[in-house]
Amino acid sequence: MTEGKIWMDGSLVPWDDAKIHVLTHGLHYGTAVFEGIRCYKTDYGLAAFRLPDHIRRLMHSAKMYFMDLGYSEKQLQDAVIDTINANKPEEYYVRPIAYYGYGKMGVNPLPNKVSIAIAVWKWDEYIRQSDPQKGARLMVSSWMRIDGKSMPMNAKATANYANSALARMEALKMGFDEALMLNTAGKVIEASAENIFMVRDNVLITPPVNSGALNGITRDSVLAIIRHYGSLYEIRDISRDEVYIADEVFLTGTAAGIRAVGDIDNRIIGNGDIGQLTIEIKGKFEAVTQGRDDNFNKKWLTYIS
Ligand SMILES: Cc1ncc(COP(=O)(O)O)c(C=O)c1O
C-alpha cells in the first residue's frame, strides 16, 4: 500500500510523506514501543478489536521506557479511529508506534522528543501458508528468547524484535514457516511474534506470561473464550519434547490470528491435519471478532464511525 494517510504527531499526512530523520534515536538504539491492532468487518460496520486494551498496553510499554506520550488513552483511541477513517473503509492491521526522535545521539534517549505515528495497512498472510489445509511448519530456534533479566518483556518494544527477527530469519532460511522459541529455562515460551497453545487429551495448555512471553491480547481472548464455553485449560510450562507429542498446536497473535501448527522440527503434530479443537477455537474467535458473538461483542469491539 502506498496511498492513504498516516497519523503523525496529531496530523494526518499522505503515505509517502510520513518520513523521519535518519538520526532518529529509535532507529539507532531500539527505543520505540508499538502496538498491533486489527479492525474487522462486522454486520454493524468496521470495528477495532480490543482497542482500549491495546492502547493500555502501549501506555505500559511507554512507561517502561520513561516515555511521556503526551496523549491520554482516550485521545490515542480516537487517533486510531481517525486514522482508519482517513483511509478506505477496509479490514486493516493498525500499527501505532511511539519513538524517541531526532535530537541528541548517544544511548540516553531522555533529551529527545517522543513522537507517535499510526499507520494502517491490509495484512493477510503474516505467517507463510503454502497449503491452507495444513498447519505451519515450525523449528525450535537456536536463538534463546530474551527474558525479563535483560529486557522488560511486558513492553512491546522494537528492541525485543531483533531477537524475534533473528529467529524468524533462521527459520525461513532453513525452509520452515516460523520459529518456536525456548526461554532461558529451556521451556517452550512463544513463537517469534505469537503466543502458543497446545492440546493434550482435550486440555488446552499455554505457558504463563511471567515466564517471558508477551501478554498477548489474542492469547487472553482465547483464554476468555475457552473459559466462557467451558473447555478445559491449564496455564503451565511446556517442555520441548512435550510439544512434539501434542495432539494439536496453534499460535495466536493479532497479525497471525489463530494459526494451526503442522509440524515442529519435522515431528508431525497429531495426524498432520488441523485439529478439531483448533478449528473450533478459531471459529469462535472469528465469530467474536466479526461481532457475531453477543457474549463479547459490546465488551471487545469499538465500532468505527
Ligand atoms: C513476541 C510476541 N508474542 C506474542 C504476540 C501476540 O500478541 P497479541 O495477541 O497481543 O498480538 C506478539 C504479537 O505482537 C508478539 O510479538
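The coordinates are above.
Quick caveat: nothing in here was measured; it's all calculated off a predicted structure.

Undergrad: Explain helix α3 (residues 73-85) to me, please; I cannot follow it from the model alone.
TA: Counting along an α-helix, one turn takes 3.6 residues, and residues three or four places apart therefore face a common direction. If you check α3, its first and last C-alpha atoms are 18 Å apart, about what 13 residues at 1.5 Å a residue would give, namely 18 Å. Of the positions making up α3, those classed as buried are Leu76, Gln77, Ala79, Val80, Ile81, Thr83 and Ile84.

Undergrad: Quick question: what am I supposed to make of the layout of surface pockets here?
TA: Empty space left among the atoms is revealed by rolling a probe the size of a water molecule over them. The volume enclosed by the largest pocket comes to roughly 630 Å³. Around the largest pocket, the lining is made up of 30 residues, and of these Ala256, Gly257, Ile258, Lys282 and Glu286 lie nearest the centre. Among the elements of the structure, β4 (37-42), β16 (257-264) and α7 (276-289) are those that each provide at least two residues to the lining of the largest pocket. A total of seven residues in the lining of the largest pocket trace back to one element, the largest contributor, which is α7. Of the residues that constitute the lining of the largest pocket, the class distribution is 14 nonpolar, seven polar and nine charged.

Undergrad: Help me understand helix α2 (residues 51-64), please; the structure alone is not making it clear to me.
TA: Taking 1.5 Å per residue as the helical rise, α2 with its 14 residues ought to reach 20 Å, and the 20 Å between its terminal C-alpha atoms agrees with that figure. Phenylalanine 66 sits one or two residues past α2 and shows a positive phi near 55°.

Undergrad: Can you help me understand the pattern of salt bridges in this one?
TA: Side-chain pairs of opposite charge can arise whenever the charged atoms involved come near each other. As enumerated under the stated definition, the model contains 20 salt bridges in all. In this structure, glutamate 194 engages arginine 168 in a salt bridge whose closest nitrogen and oxygen atoms are separated by 3.4 Å. Highlighted residues: glutamate 194 in the loop between β10 (187-191) and β11 (195-200) and arginine 168 in helix α4 (residues 160-173), separated in sequence by 26 residues. Across the pair, arginine 168 and glutamate 194 agree in class, each one buried. Ionic pairing is found between arginine 240 and aspartate 265, a salt bridge with its closest N-O pair at 3.0 Å. Pair noted here: arginine 240 is in helix α6 (residues 240-244) and aspartate 265 is in the loop between β16 and β17 (267-268), with a separation of 25 residues, a long-range link. If you follow the salt bridges from partner to partner, you end up with Arg200, Glu234, Arg236 and Glu242 in one network.

Analysis parameters
Residues numbered from 1 in each chain as written. Predicted model: local features only at pLDDT ≥ 70, side-chain atom pairs only at ≥ 80, totals over all residues. Heavy atoms only, no water. Helix = DSSP H or I, 4+ residues; strand = E, 2+ residues; numbered from the N terminus. Expected span 1.5 Å × (residues − 1). Buried < 20%, exposed > 50% of the residue type's maximum accessible area, 1.4 Å probe, protein only. 1 Å grid on protein atoms, 1.4 Å probe; cavity = no way out; pocket = protein on both sides within 12 Å on 5 of 7 lines; lining within 4 Å. Points joined across faces, edges and corners; volume = space filled by probe spheres on them. Nonpolar A, V, L, I, M, F, W, Y, C, P; charged D, E, K, R; others polar. Salt bridge = Lys/Arg side-chain N within 4 Å of Asp/Glu carboxyl O.

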